[in-house]
Amino acid sequence: MVATNAGGIEAFRNGVMRHLILGLEVVLADGSVISDLKKVTKANEGYDVKQLFIGSEGTLGMITKISLSLVPLQEPSNTALISCLSASKAISLFRHLRNHRNLTLLSIEAMWPDYIHTVAKAVSLTNLLKFEQDPDAIYVLVDFCESQKQTDNTLSYFESTLVDLIESEIVTNAIISKNQKERDDMWRIREDSFAVDDLYPHGFWFDMSVPLENLAAYADGLEKRLQRIHGDIRLFLFAHLGDGNFHATITTGYPMLELKDDIHAAVYDGLAEWGGSFSAEHGIGTDKRESLNAYVPEVNRQLMETIKRALDPKNIMNPGKVL
Ligand SMILES: Cc1cc2nc3c(=O)[nH]c(=O)nc-3n(C[C@H](O)[C@H](O)[C@H](O)COP(=O)(O)OP(=O)(O)OC[C@H]3O[C@@H](n4cnc5c(N)ncnc54)[C@H](O)[C@@H]3O)c2cc1C
């Protein structure tokens, strides 16, 4: 997890691995050991070299010890599936729940229509989506807990917030899970994303991030850009909404290698200018080396090469990955 700088569903509130690591012990390619197992957040002692190894995908050294800052586990008290009629409304929903004084938002995942209807059908859970009739609705899955009960209202804080959001037309409809089985079913639709690849193979996977203020414009524009490339292209899209991290499968269901460059250009269009990333969680490996060459400025890549040569001159640490 350190070598991949793993993130995921709770990253919007706990950070990614990089934010939780206080110290590292690393064995370098020549056998020497860097030991910096601090237990404090504040340590300004020159270059913070441990940061080089976090997310380096095994290409710079072998991580052997970690000093980690832990956060208490918070079990969700409930789960809800909420529909919104646009990406910008989904973002407003996130901001409302995130800033609510008496609610703790634990996770918030958004699923665009083609994704959610395809997966729900594949796992025989379409009945869960019937609370919303609009085929273009975006569904937002949230886990939350309430820090205290509302005393002067029969509704819980979450329920009365939903009522407010429905009245102000940010949210269209919502269901709150009644039991563990319903919670598991809601999460299954989000997590069985591989159903898409089984039904529509030969797709390209993407893992991009955009700042929240640009998320709606990006998501709305992407579908249009893809349609201009080829009418058969389908976009299966979901997002870790809280940190603007999309996962997309883009596919026609049949081999389409000749469209690869155009699809990459459509996905990456605007990301750098907005301060987003073409690889939010999944790193580079071998799959995204081409994208790294195309979208990371040359001066940055040269610095990466310099660091790699200095730490691993014989190229024995996970050779061929990243660079
Ligand atoms: C680049 C990348 C990003 C990922 N991001 C996420 C994410 O954000 N969220 C998520 O849930 N899952 C993510 N994954 C899935 C990931 O496989 C798991 O999160 C987890 O890191 C895998 O642990 P593992 O011990 O099986 O490592 P492996 O799959 O064995 O290794 C993963 C990578 O880490 C390197 N590595 C492993 N051990 C060490 C070590 N001791 N020292 C140095 N390098 C080492 C390997 O060379 C390899 O590049 C990611 C995977 C990769 C490759």
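Residues numbered from 1 in each chain as written. Predicted model: local features only at pLDDT ≥ 70, side-chain atom pairs only at ≥ 80, totals over all residues.

Engineer: Help me understand the overall build of the chain in this model?
Structural biologist: A tally of helices and strands in the chain yields 13 helices and 10 strands. A compact globule built from 323 residues should have a C-alpha radius of gyration of about 20 Å, and the chain, at 22 Å, falls within 12% of that. In terms of overall dimensions, the chain has C-alpha extents of about 65 × 55 × 35 Å along its principal axes. The burial tally for the chain puts 29% of its 323 residues in the buried class. Long-range contacts, defined as pairs at least 24 residues apart, comprise 77% of the intrachain contacts of the chain with a sequence gap of at least 6. (Helix = DSSP H or I, 4+ residues; strand = E, 2+ residues; numbered from the N terminus. Rg over C-alpha atoms; globule rule 2.2 N^0.38 Å. Buried ≥ 20, exposed ≤ 12 C-beta atoms within 10 Å, placed from the backbone. Contact = placed C-beta atoms within 7 Å.)

Engineer: Whenever I open this one, the packing of helix α4 (residues 87-99) against helix α9 (residues 212-229) confuses me. Can you help?
Structural biologist: In a pair of packed helices, the angle between the axes and the distance between the axes together describe the arrangement. Contact geometry for α4 and α9: axes closest at 8 Å, N-to-C directions at 155°. In terms of their interaxial angle, α4 and α9 are classed as roughly antiparallel. Handedness of the α4/α9 crossing: right-handed. Of the residues in α9, those touching α4 at Ala87, Ser88 and Ile91 are Leu212, Leu215, Ala216, Ala219 and Asp220. (Axes fitted to C-alpha atoms, helices over the stretch in contact; angles between N-to-C directions. Parallel < 35°, antiparallel > 145°, perpendicular 65-115°, else oblique. Left-handed = near helix turned anticlockwise from the far one by under 90°.)

Engineer: Teacher, can you tell me more about the domain arrangement of the chain here?
Structural biologist: When the parts of a complex come together, some accessible area is lost, and that lost area is often taken as the interface size. Domain annotation for the chain reports domain 1 (11-71), domain 2 (78-191) and domain 3 (200-308). Across the boundary between the two partners, domain 2 contributes 16 residues, which contact 14 residues of domain 3. By residue number, the principal contributor to the side of domain 2 that touches domain 3 is α4, which donates 5 residues. Grouping the amino acids of the side of domain 2 that touches domain 3 by side-chain chemistry returns 10 nonpolar, 3 polar and 3 charged. (Domains from an automatic or database assignment. Nonpolar A, V, L, I, M, F, W, Y, C, P; charged D, E, K, R; others polar.)

Engineer: It is not clear to me how the packing of α9 against helix α10 (residues 260-268) should be interpreted in this structure. Could you clarify?
Structural biologist: Put simply, α9 and α10 touch, their axes get as near as 9 Å, and they point 160° apart. On the basis of the axis angle, α9 is roughly antiparallel to α10. α10 is crossed by α9, and the crossing has right-handed handedness. Contacts between α9 and α10 involve Leu222, Arg225, Leu226 and Ile229 from the former and Asp262, Ile263, Ala266 and Val267 from the latter. Residues belonging to the contact of α9 with α10 are distributed by class as follows: 6 nonpolar, no polar and 2 charged.

Engineer: Where do I start with the nonpolar core in this structure?
Structural biologist: Generally speaking, nonpolar side chains in soluble globular proteins are found buried as a group. Judged by nonpolar contacts, the single largest core of 60 residues is most densely connected at Ala90, Leu93, Ile138, Val140 and Leu237. Of the residues that make up this core, three or more belong to each of domain 2 (78-191) and domain 3 (200-308). When residues no more than four places from it in sequence are discounted, the contact partners of leucine 237 are Trp112, Tyr115, Ala219, Phe246 and Ala248. (Core = buried A, V, L, I, M, F, W, Y, C linked by C-beta atoms within 7 Å.)

Engineer: What am I meant to see in the sheet that holds strand β2 (residues 33-36) here?
Structural biologist: For sheets, the rule is that strands pair by backbone hydrogen bonds, running either parallel or antiparallel. In space, the 3 strands of this open sheet follow the order β2-β1-β3, with antiparallel pairing throughout. With one partner strand each, in any of the chains shown, β2 and β3 (61-68) form the two edges of the open sheet. When strand polarity is set aside, the average angle formed by the axes of neighbouring strands in this sheet is 20°. (Pairing = 2+ DSSP bridges.)

Engineer: Before we go on, may I ask you to explain the environment of glutamate 182 in this structure?
Structural biologist: Relative to the helices and strands, glutamate 182 is located in helix α7 (residues 180-191). Residue class for glutamate 182 comes out partly exposed when judged on the 15 C-beta atoms lying within 10 Å of it. Remark: the alpha-carbon pair of glutamate 182 and glutamate 169, spanning 13 residues in sequence, is separated by 26 Å.

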